[in-house]
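Chains, contacts and geometry: an overview
Listed below are the residues making up each chain.
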Amino acid sequence: MKKWLCIICGLIYDEAKGWPADGIAPGTAWEDVPDDWVCPDCLVTKADFEMLEITDEEPAPLAAVAEAVTPAAGPALEPVVIIGTGHGGYQLAAALRARSPELPITLFTADDGALYSKPALSNALALGKDGDSLVSEPALAWEQRLGVRVYPHTRVERIDRENKRLHTSIGEYPYGRLVLATGASPIVIPVEGEQAAMLSVNDLADYRRFRQQLAGKKHVTILGDGLIGCEFANDLAAQGIGVTVVGLGQWPMERLIPQPLGLALQQALSGLGVEWALQDSIARIDACGEGYRLQLQGGRQLDTDLVLSAVGLRPNTALAQAAGLSTGRGISVDLEHRTSDPAIFALGDCAEVDRQWAPYIAPINQAIPALVDGLLGQPARAALKATPVLVKTPVLPLSVLPAPAPGEWKVESHGNELAAGCYGPDGTLTGFALLGHGLQGQRSRWLEQLNPTRTAA
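Keep in mind the model is a prediction, meaning the values are calculated, not measured. (Residues numbered from 1 in each chain as written. Predicted model: local features only at pLDDT ≥ 70, side-chain atom pairs only at ≥ 80, totals over all residues. Heavy atoms only, no water.)

This paragraph deals with the confidence of the model for the chain. Across the chain, pLDDT averages 88, with 89% of residues at or above 70. The low-confidence segment residues 55–76, where pLDDT is below 50, has 35 contacts with residues more than four positions distant or belonging to other chains. (pLDDT = per-residue confidence, 0-100. Contact = heavy atoms within 4.5 Å.)

Here we come to the environment of Ile 12. Looking at where Ile 12 falls in the secondary structure, it is placed in strand β2 (residues 12–14). Judged by relative accessible area, which is 33%, Ile 12 ranks as partly exposed. A sequence separation of 27 residues divides Ile 12 from Cys 39, and the C-alpha atoms of the two residues are 9.8 Å apart. (Helix = DSSP H or I, 4+ residues; strand = E, 2+ residues; numbered from the N terminus. Buried < 20%, exposed > 50% of the residue type's maximum accessible area, 1.4 Å probe, protein only.)

Now for the nonpolar core. A general trend in soluble globular proteins is that nonpolar side chains are found buried together. Within the largest apolar cluster, 53 residues are counted, with the highest numbers of intra-cluster contacts made by Leu 92 and Leu 180. Per element, the largest residue contribution to this core is seven residues, and it comes from helix α9 (residues 361–375). Look past the residues within four positions of Leu 180 in its chain and what remains in contact with it is Ile 83, Ile 159, Leu 319, Ala 320, Leu 325, Ile 331, Ile 344, Phe 345, Ala 346, Leu 347 and Cys 350. Membership of the second largest hydrophobic core comes to 45 residues, among which are Ile 222, Ile 257, Ala 268 and Ala 420. (Core = buried A, V, L, I, M, F, W, Y, C linked by side-chain atoms within 4.5 Å.)

Turning our attention to the side chain of Ser 281. When you line up the elements, Ser 281 lands in the loop between β18 (275–278) and β19 (282–288). If we ignore the near neighbours within four places in the chain, the residues touching Ser 281 are Leu 223, Val 246, Leu 248, Gln 295, Leu 296 and Gln 297.

Turning next to the packing of aromatic side chains. Considering all chains together, one arrives at ten aromatic pairs under this definition. Centroid distance Tyr 13 to Trp 30: 5.5 Å. Interplanar angle 55°. Geometry classified as tilted. One end of the pair, Tyr 13, is in strand β2; the other, Trp 30, is in the loop between β2 and β3 (51–55), with 17 residues separating them in the sequence. For the residue pair Tyr 13 and Trp 30, the accessibility class agrees, reading buried in each case. Pairing Tyr 151 with Tyr 173 gives two aromatic rings, centres 5.7 Å apart and planes at 65°, and the pair type is edge-to-face. Linking Tyr 151 in strand β8 (residues 149–151) with Tyr 173 in strand β11 (residues 171–174), this pair joins segments that are 22 residues apart in sequence. Summarising the burial analysis for this pair, Tyr 151 and Tyr 173 share the class buried. Pairwise contacts between aromatic rings join Tyr 13, Trp 19, Trp 30 and Trp 37 into one cluster. (Phe/Tyr/Trp six-rings, centres within 6.5 Å; stacked < 30°, edge-to-face > 60°.)

Encoded structure:
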């Protein structure tokens, strides 16, 4: 029996277990899963995205992990410490354990360490899930299942590289090899007045607060017209909540897609009732009754119940910078995911890999096999492949492969749907965007046209 990993949201389909909640019996092979099966976490169908085979064998039996961490003989058994228990930290721990049953693995996390699908946060209303039902497994359960040590609600305050020790909120801890999977944090746009009224949803705790405050509300203003802003707009409006999107772009997702596609997406979301205040931003927030009155930079006033900020993410590099590691936009690593310190690696949203920052699930999944090899003393370079990002706007599905540099967009009409390719000065395809239900099945054809030497954007 095989296991399959959704490269969009990280959900695992285990053929041995099936998916009984959707009528898929245990033992159902992937090829026998209905083509219209909808991924429970990201709402795309089997026919709409690729699945990646991750294993066809059961891992070896787990050995107990020693209470005290002491370096073992040989680099392959040096204890591994991972900071962060998001998708990257957890998947890395699971892959390491499958390869090395006796390797000491320890994880530190500032939150409760529960497993959940982060991409599902922006469409959880459509999924009918609150904060608790998004959790697939609490920290204690997967700690015991993998045979690792997890320290929840623990802050790592400093890295002592010379002595290979972490200074944490509960004391010092040694490491042999260290992996930074610290993620990224929402960018905060300063506004006058009630700055604290602006909510962000970047993790499970954020989502719980948002859902609690959303109860009984009728209107939400979203600051940010990019990918996440559009996903939240679709999710909220589809549930009958009034939405106004405020953003600096001339059209939604201006940095990722050309104008014809942006205007078509804007029109589709408007059909759900979404209103737009583009080429504008929020200057001031004031309390007004039980809600807020917003003063926009352009002079317009808006009354709203909640303000949701979705203007982007900034890699969490402070810990690495304080330790003297090289950083750019993120923590600088090579294709082995090794930092400027050979004993320290970085993975996921916090990392800038080979001078590129890719805050998506697929690059993490692609990087893990090589990173596991490196942590086990067999250095390997990650083979990062260009992978489209699926934007969760069910009203008009969109997949985007971001171009690494500005280029010339060429737009094709396919009935009521649009495909666009971004081309470099030499005429080489460097990125693309496909808008519409029918075009999502053409991603493979567009990928085949890309320069084979290109890595993930």
